[in-house]
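# Structural description and commentary
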Amino acid sequence: MTINQIEADRPAIPDAAAGSGRWTAVKPWLTGVGLLLLGGLVFNALRKVLRDVQYADIVDTMRHMPPHNLLLALLCTVLSYVALTGYDVSSLRYVGAKLKGSTVGLTSFIAYALGNTIGLGVLTGGTVRMRLYTAAGLEASQVARVIAFNAGAFGLGMTAFGAAGLLWGAPHASRLLHTSPLSLQILAAAALLGIAGLILLCLRHRSLLLFGRWTVKLPDGWLAIQQLLISAADLTAAAAALWFLLPPNVIPLPTFAAFYALAMALGVISHVPGGLGVFEAVILMAWGRHHAPSGDIVGALVLYRIIYFLLPLLIAAFLLALLELRPTMAPIGRAAVRLSPGILSALVLVAGIMLLISGVTPTTDDAEEMLRMTVPLFVVEASHLMGSVAGLAMLFVARGLLHRLDAAWWAALALTVLAAVLALPKGYALSELAVLVLLSGLLIISRKQFDRRSSLFAQSFETGWLLAVASVLAGCAGILFFAYRDVDYADRLWWQFAFDAYAPRAMRTWMLVAILAVAFGLRQLMRKPDGKADKPNDQTLEQARVIVRAQPAADACLALMGDKSLLFSASGKSFIMYAKQRRSWLALGDPVGAQQEWPELIWRFIEMADGHGGRAGFYKVRPQTLPLYLDAGMRAYKLGEEASVPLQDFNLQGPRRANLRHGVARAQREGLRFDMIGAGEAAAIMPELREISEGWLSAHRTREKNFSLGAFDERYVERQPVAVVRKDQRIVAFATLMAPDVLRIEAAIDLMRQRADAPAGTMDFLFVNLMLYCQSEGYQRFGLGMAPMSGMQEHQLASRWHRFGRMMFQYGERFYNFRGLRSFKDKFDPEWEARYLIAEGGIAPLFTFSDVTALINGGLKGSIVK
């Protein structure tokens, strides 16, 4: 048994990544084509419905909406968000977890406020829940099941809600869909019967076997019924919030509910943030065909977006700001305020869009009269241009806020203040001014959350972000042409300057913004990222060695092996060691060095991988640092547990170490002798060590490991202390020692080999003497390495990842000696601590784990065979 085999962690993983290469290449193109087709259909639908709508009609509807309708819409919004909390209550009950009501309420509200606005609510809300519920004491696997339950409950509830509405309002819906009422009623009844059958299944069974292979745990039947009622309450309130804003007496609420559910479903499927455009198109088609005033409908939809989406987002940001102002906070409060960058990023994004729309739409007649009397014309023109350019800049700065950049915070604050100052001279936009002043205050209060000292211009914007900005600009162009459809185009429009020259001013503003956006986008797209991971030279290794010597963790010494690249912080006081395998950029362990620089390094590494079109992963991360990765939007997956022996009171006394004591005594009778060779002093015995190493590899029919394990490289071995066991002056076994010698917190065995004819008990003898040596040198603990797949949860609600790990630990002996390795280390009576794989969500962990295994074993073939 050797440490190389102990830490190899080689369960056979199917090469899913290899088979997905073609799909990975095709997927972006298929997604792009699908979004273009969907965008074309939405645009065509909106164009037809809005053909006779005037911009003034929309503004008039919004300005003259009856106050009691607004209050009813606000009340329904409150009821909807209260009902949404029930999703989390049910999901926590499903996984058997109990949390304070305040914790559940805060988490649910922030998750839905952020998810509803940004879109992809399951993913965005899932990140919020992972962060807050783990801070409240839940396991990551429990939170993952909470997220899955929420997603399933939402889909099931929306299906039941839409089917019930369709069954009730089939006569009205049939005229809109050009089909018979009976066929719609049959379809709705079939959906409701299917849901009833699922509830009956939940009442009678606790699990369901799918295709004879997968077991799905079913919720309790009464819990399923409760969740359907919660979904009905939520969707009814949400639909009513819009229904009260729409023209009255056109379509009954039950029939409208069916179309609301359809619009919601299409908006989710489209992956457009908040379903923007898709949701509106469905509602407009449903109501416009009933000859309701389309201008009234559009005005109501805009108000609905403000009340149901933007207002909760502002309230969530305000709640986090209040938590930020508190002198002391519980762990859940500290975790909550760490979500401020995501919410403020969304608000800055919305503010940027607001400024761009404001720049291409006319002001009111009253505002125009005030401008004529108080503001010079050139100031009005300049304010429009500068305000829209500030809005464009906000779209890009929002990404930096999401990544907690200090420079992005300063830029966002400056742009917000500038836009607030310009709000008056460009049109006395008081509502715009109020939003910007509030946003400035929220930014100032949340200043401490933006602690990444990084250049704003060093960011690499993803193609998706650039496409999103392009979509916003295209939407603004559409609004421009819609608002001024009655203005005949002529070349002279570009050069008309007057207080009431709204169309020329909007055209100049949009053209300037479009030119700047295209220039910036081309600059980003033409940047050539270097995806090569360069190995460190001797000077870099020496810089790393100085940092490693002062570390508490022994595995930091693996950076000196020279097979991994090193990403240093700006100060040079810390680094991440990493390697690249196919599309995976894989860091080994946590960052090394000054801990205050770790969050910035983690973000830089993720951005570097993303900028090169890869996926970031972190292997063997300690539990104490998990919040740093969760803050970066990553997921944690348990790999196993690592053993360490406390050295302060270490001895061979007591019944738990009886076998170990007898093994050492037997080795001493065999005449074995232990010696330590200092770092840099092993050159004389290097040929003999190489002979032992090559013989060991040949006897075990294996090859050198890499990445998380030391390999026999003479320069690497020379840098470390070497422990040798001799018999009759002949070396029969040796081990290299990872031992940072400044703090002397932890030491650990790295490379360990023995001759085939070494006496029985040689390994135990070497281990024990190394521990006693480290104890005498003042080290506090001795690391024995990881036991892969051990310590996995055995609860019936455990995640698939834990169930897979437990299965491998129990039945995977043909691939790896899981249980034997755990038993070998247990005889030293160690303490065990979990180690995690950090990866993106979805199926990324499989690819990441596969690539880690390939790195350790020298390729995928080595992952399966020795």
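Now for a quick tour of the structure. (Residues numbered from 1 in each chain as written. Predicted model: local features only at pLDDT ≥ 70, side-chain atom pairs only at ≥ 80, totals over all residues. Heavy atoms only, no water.)

The next point concerns the pattern of salt bridges. Considering all chains together, one arrives at 33 salt bridges under this definition. Here Asp741 and Arg549 are joined by a salt bridge, their closest N and O atoms 2.9 Å apart. Taken together, the residues Asp741 in the loop between strand 11 (730–738) and strand 12 (746–754) and Arg549 in helix 23 (residues 538–549) connect sequence positions 192 residues apart. With its nearest N and O atoms 3.6 Å apart, the salt bridge here joins Glu694 to Arg690. Of this pair, Glu694 and Arg690 are both found in helix 27 (residues 686–699), four residues apart, which corresponds to roughly one turn of the helix. Overall, the relative accessible area of 46% leaves Glu694 in the partly exposed class. A residue is classified by how much of its surface remains accessible, and Arg690, at 29% relative accessible area, is partly exposed. Each of Asp555, Lys620, Arg622, Glu642, Glu746, Arg781, Glu833 and Arg835 takes part in salt bridges that share partners, so that together they form one network. (Salt bridge = Lys/Arg side-chain N within 4 Å of Asp/Glu carboxyl O. Helix = DSSP H or I, 4+ residues; strand = E, 2+ residues; numbered from the N terminus. Buried < 20%, exposed > 50% of the residue type's maximum accessible area, 1.4 Å probe, protein only.)

Aromatic rings in a pair are described by how distant their centres are and how their planes are angled relative to each other. Taken as a whole, this structure holds 19 aromatic pairs when the rule is applied. Through a chain of ring-to-ring contacts, the aromatic side chains of Tyr81, Phe109, Tyr260, Tyr304, Tyr308 and Phe309 assemble into a single cluster. Its end group placed over the ring of Phe309, Arg305 keeps NZ or CZ at 4.6 Å from the ring centre. (Phe/Tyr/Trp six-rings, centres within 6.5 Å; stacked < 30°, edge-to-face > 60°. Lys NZ or Arg CZ within 6 Å of the ring centre and 35° of its normal.)

Turning next to a nonpolar patch on the surface. There is a patch of nonpolar side chains on the surface, built from Leu71, Leu74, Leu311, Ile315, Phe318, Leu319, Leu322 and Leu325 and spanning about 680 Å² of accessible area. Per element, the largest residue contribution to the nonpolar patch is six residues, and it comes from helix 14 (residues 294–325). Tracing the backbone through its elements, the reader meets Leu322 in helix 14. Looking at Leu322, the relative accessible area reads 40%, which means it is partly exposed. (Patch = residues over 30% accessible without salt bridge, like charges linked within 9 Å, V, L, I, M, F, W, Y side chains within 5 Å. Areas by Shrake-Rupley, 256 points an atom, 1.4 Å probe, with all protein chains shown as cover.)

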